[in-house]
Amino acid sequence: MSGETTITIIGNLTDDPKLNYTQTGVGVAGFTIASSARTYNKSIEKWEDGEVLFMRCSAWRDLGEHVAESLTRGTRVIATGRLRQRTYETSDGDRRTVTEMTVDEIGPSLRFATAKPHKAARTGSNGHANGFDVGPDDPWASAAPANAGMGDEPPF
């Protein structure tokens, strides 16, 4: 998506992601990532937190469902996506503009934690299988070795 502003943010989720569905059945998870700089102050020999950035985020379709199922409040995450500005009118008639992030990729930070990812079944944007084999023959879904059925030849 040429010309779009992309960013990567590292921080903690301020609450559990909230999964909602549009009228057409498309899933979207909404959540906020809090990120702050932390610097060491040598004069007092302590770590100090800088100002906190609260970035409102949304993740759509399968990604949104995976976020809502996998991540919880306090989880340290790394997210990358596109910035969007949205203008709306309050009930008092005031116009407000907010900057939000549409998340393209997100995952837990492994700096201070561990995680065991599980491959999800592939689905299209409409929730259907999209022609991919997600049954027992899917190599990601099975516990079979990576080279099962390939003989002694490398996979490349």
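The rules behind the values
Residues numbered from 1 in each chain as written. Predicted model: local features only at pLDDT ≥ 70, side-chain atom pairs only at ≥ 80, totals over all residues. Heavy atoms only, no water. pLDDT = per-residue confidence, 0-100. Contact = heavy atoms within 4.5 Å. Salt bridge = Lys/Arg side-chain N within 4 Å of Asp/Glu carboxyl O. Helix = DSSP H or I, 4+ residues; strand = E, 2+ residues; numbered from the N terminus. Buried < 20%, exposed > 50% of the residue type's maximum accessible area, 1.4 Å probe, protein only. Core = buried A, V, L, I, M, F, W, Y, C linked by side-chain atoms within 4.5 Å. Phe/Tyr/Trp six-rings, centres within 6.5 Å; stacked < 30°, edge-to-face > 60°. Pairing = 2+ DSSP bridges.

**Q** I tried to follow the confidence of the model for the protein chain on my own but got confused; where do I start?
**A** Low pLDDT marks regions whose predicted coordinates should not be analysed in detail. A residue-level look at the protein chain finds 76% of positions with pLDDT of 70 or above and a mean pLDDT of 83. Across residues 126-134, confidence stays below pLDDT 50; counting only partners more than four residues off in sequence or on other chains, it has 7 contacts.

**Q** What am I meant to see in the pattern of salt bridges here?
**A** Here the idea is simple: oppositely charged side chains can pair when their charged atoms come close. Inspection of the entire model under this criterion finds 7 salt bridges. Its salt-bridge partner being Glu4, residue Arg84 comes within 2.6 Å of it at the nearest N-O pair. Placement of Arg84 in strand β5 (residues 76-89) and of Glu4 in the segment before β1 (6-13) is noted, with a sequence separation of 80 residues between them. According to the relative accessible area criterion, Arg84 is partly exposed, its value standing at 34%. Owing to a relative accessible area of 24%, Glu4 belongs among the partly exposed residues under this scheme. Arg82 is the salt-bridge partner of Asp104, the closest N and O atoms lying 2.8 Å from each other. Of this pair, Asp104 sits in strand β6 (residues 95-108) while Arg82 sits in strand β5; the two residues are 22 residues apart in sequence, bridging distant segments of the chain. Among the ionic contacts, a cluster of salt bridges with common partners joins Glu4, Arg82, Arg84 and Asp104.

**Q** Where do I start with the nonpolar core in this structure?
**A** Generally speaking, nonpolar side chains in soluble globular proteins are found buried as a group. Ranked by internal contacts, the top residues of the largest apolar core, which has 15 residues, are Phe31, Ile33, Val103 and Ile106. Of all elements in the fold, only β1, β3 (27-41), β4 (46-60), β5 and β6 reach the threshold of two or more residues within this core. Ignoring sequence-local partners within four residues, the contact set of Ile106 consists of Phe31, Leu63, Val67, Leu71, Val77, Ile78 and Ala79.

**Q** What is the right way to look at the packing of aromatic side chains in this model?
**A** The relative placement of two aromatic rings is captured by the distance of their centres and the angle of their planes. Evaluation of the coordinates by the stated rule reveals 1 aromatic pair. Taken together, a centroid distance of 5.4 Å and an interplanar angle of 65 degrees make the contact between Tyr40 and Trp47 edge-to-face.

**Q** Hey, could you run me through the pairing of β1 in this one?
**A** Within a regular strand, side chains alternate between the sheet's two faces. In the sheet, β1 pairs with β5 via 7 bridges, with the strands oriented antiparallel. Bridge assignment links Ile7 to a residue of β5, and that residue is Gly81. Here β1 runs beside β3; their pairing, made up of 2 bridges, is antiparallel. Along β3, the bridge assignment pairs Asn12 with Ala34.

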